[in-house]
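# A look at the structure
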Amino acid sequence: LAKTTQPISMDSYEGQEVNITCSHNNIATNDYITWYQQFPSQGPRFIIQGYKTKVTNEVASLFIPADRKSSTLSLPRVSLSDTAVYYCLPRSGGTGGFKTIFGAGTRLFVKA
Amino acid sequence: SAVISQKPSRDICQRGTSLTIQCQVDSQVTMMFWYRQQPGQSLTLIATANQGSEATYESGFVIDKFPISRPNLTFSTLTVSNLSPEDSSIYLCSVEDSPGVTDTQYFGPGTRLTVL
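Notes on the structure follow. (Residues numbered from 1 in each chain as written. Chains lettered and ligands numbered in written order. Predicted model: local features only at pLDDT ≥ 70, side-chain atom pairs only at ≥ 80, totals over all residues. Heavy atoms only, no water.)

This paragraph deals with the pattern of salt bridges. Counted by the stated rule, this structure contains two salt bridges over all chains. One salt bridge connects Lys111 of chain A with Asp11 of chain A, and the closest N-O pair in it is separated by 3.4 Å. Here the residue Lys111 of chain A occupies a position in strand β9 (residues 106-111), and Asp11 of chain A occupies one in strand β1 (residues 9-13), the gap between them amounting to 100 residues. Relative accessible area serves as the criterion here: at 36%, Lys111 of chain A is assigned to the partly exposed category. On the basis of relative accessible area, Asp11 of chain A is assigned to the exposed category, the value being 51%. Between Asp87 of chain B and Lys65 of chain B there is a salt bridge; the shortest N-O distance is 2.6 Å. Here Asp87 of chain B, found in the loop between β8 (75-80) and β9 (89-97), pairs with Lys65 of chain B, found in the loop between β6 (56-57) and β7 (68-72); they are 22 residues apart in sequence, far enough to count as distant. In terms of burial, Asp87 of chain B and Lys65 of chain B fall into one category: buried. (Salt bridge = Lys/Arg side-chain N within 4 Å of Asp/Glu carboxyl O. Helix = DSSP H or I, 4+ residues; strand = E, 2+ residues; numbered from the N terminus. Buried < 20%, exposed > 50% of the residue type's maximum accessible area, 1.4 Å probe, protein only.)

Here you go:
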């Protein structure tokens, strides 16, 4: 399993763009990179997933460089409700049932 | 995406007793996972439960303490036995969507256990 490194915490203000970078130096060829968001007292929620280059959905964008040793989650114009913990997880695609091991995640605090 | 419910949402238990947590999914899934999240910490995988076979436990977790049932493809239970205050945590079940394709996991709302 690829080990991940993320900043422990980040602060931002409403309306700013937030970029959270995750390092996964030993990512495997088959690994997708998935990001989850967890609010207090809730289970983690899938945000976005990608394999390479850029993926965008209604919530966020995910940038993955060519070497895939890192990925950056970009949250445009954050609001107070984006305060949460964000986890990046490389996962093996194609194997099905491969267990997910969570790292420490990044605690994002959005201030007014 | 799968919709997952858990019962109870929270409970307060006495030391030495047991609590059984139920996890119900709105679709048939092969793999179900049980996690523990201690206050202020990340999620720790307890075990993986396949229907029709024994659960696979992670290092540090044993069947006698955390027995798991998986009677069908939509349901699982986790029992936390012989409770001690150190077992106070949130327990979450999750399922895997599109196994072998994207391996995205979906989580239940969690069960908050407090042991006195």
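Okay, back to it.
This paragraph deals with the sheet that holds strand β6 (residues 61-64) of chain A. Residues and elements named next belong to chain A. Taken together, four strands build an open sheet; the order of strands is β2-β7-β6-β5 and the sheet is antiparallel. Looking at the sheet topology across the chains shown, the edges are occupied by β2 (18-23) and β5 (53-56). Recorded for the sheet is a direction-independent mean angle of 15° between the axes of neighbouring strands. Here six bridges tie β2 to strand β7 (residues 70-75), and the two strands are oriented antiparallel to one another. (Pairing = 2+ DSSP bridges. Axes fitted to C-alpha atoms, helices over the stretch in contact; angles between N-to-C directions.)

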